[in-house]
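What follows is the residue order along each chain.
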Amino acid sequence: MRVVHFHCRVRTICLVVLAAGVFGIAACHGGPVIDLSTKPAEADGTISGIVRGPEGTTPVEGRAVEVVNVETGERQRATTNNTGGFTFKVKPGNYRVELTVLDGETVTKKPDVIHVNRSDVDAHADFVLASPRISRPRSRAPRADDGLGSAIG
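Model, not experiment: these values are computed from the prediction.

1. With respect to the environment of Gln76
Within the secondary structure, Gln76 is located in strand S3 (residues 75–79). Residues Gln76 and Lys89, 13 residues apart in the sequence, show an inter-C-alpha distance of 9.2 Å. Ignoring sequence-local partners within four residues, the contact set of Gln76 consists of Val65, Glu66, Val67, Phe88, Lys89 and Val90. Polar contacts involving the side chain of Gln76 include one to the main-chain carbonyl oxygen of Lys89, which spans 3.1 Å.

2. Quick look at the side chain of Arg63
Structurally, the position occupied by Arg63 is in the loop between strand S1 (45–52) and strand S2 (64–69). The exposure class of Arg63 is buried, given its relative accessible area of 10%. Side chain to side chain, Arg63 and Glu105 meet in a polar contact 2.8 Å long. Beyond its immediate sequence surroundings of up to four residues, Arg63 is in contact with Ala78, Thr79, Thr80, Leu99, Thr100, Val101, Leu102, Glu105 and Leu129.

3. Observations regarding the pattern of salt bridges
Within this structure, the stated rule accounts for six salt bridges. Of the charged contacts in the structure, one is a salt bridge between Asp44 and Lys91, with a shortest N-O distance of 3.5 Å. Of the two residues, Asp44 is situated in the loop between helix H1 (2–27) and S1 and Lys91 in the loop between strand S4 (85–90) and strand S5 (93–99); the sequence distance between them amounts to 47 residues. Residue class for Asp44 comes out partly exposed when judged on its relative accessible area of 29%. A salt bridge links Arg96 to Glu98, with the shortest nitrogen-to-oxygen separation between them at 2.8 Å. Assessed through its relative accessible area of 24%, Glu98 is described here as partly exposed. Among the charged side chains, a salt-bridge network with shared partners connects Glu66, Arg75, Arg77, Arg96 and Glu98.

So, how was this worked out
Residues numbered from 1 in each chain as written. Predicted model: local features only at pLDDT ≥ 70, side-chain atom pairs only at ≥ 80, totals over all residues. Heavy atoms only, no water. Helix = DSSP H or I, 4+ residues; strand = E, 2+ residues; numbered from the N terminus. Contact = heavy atoms within 4.5 Å. Polar contact = N/O pair within 3.5 Å; in protein donor to acceptor, adjacent residues only side chain to side chain. Buried < 20%, exposed > 50% of the residue type's maximum accessible area, 1.4 Å probe, protein only. Salt bridge = Lys/Arg side-chain N within 4 Å of Asp/Glu carboxyl O.

Written as C-alpha cells, this is what we have:
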C-alpha cells in the first residue's frame, strides 16, 4: 500500500509542477503587449429621414436628397427608397439637407441645419410635401351683351 500512495503523490506533484511551468511561461512574454492591428476609422455620424406626401401620410419614393456640409460645401446625394427613407454616413460637422421638388410642389416641413458629432444618429431629417397646386382658368359667368359693351340686365 505504501507504494501506491507514493506513486499518487508523485503524480500529483508532477501535475502541479507542470501546470505551474505552463502558467509561468505564459506570464513571461518578454515585454509589453503592442497591438499592431489597424485601428478602426473615426466613427461617422448618420443623418436619415423620410420624405412624405401631403399631410405626412404617403411615402415618396425615388426623390433625390442631398446633404451639404455647411463649412466645406461637400455634397452627398441619395434617392429615397420605397418607404420614402434616405440615409447618409457623414463626418462630424454641420449639414443642410436638401430635397429636389417637382414643378408645382412646395415643402411644408423640412429639417434645420443638423449638427453631427462622432457616432451621432440624427433620424429626424424629415420632409413633408404639399400637394401640387393646379391652376385652372376661372370660368366666367355667362353674360348677355347688347354689343355696346354693357351687360343687359
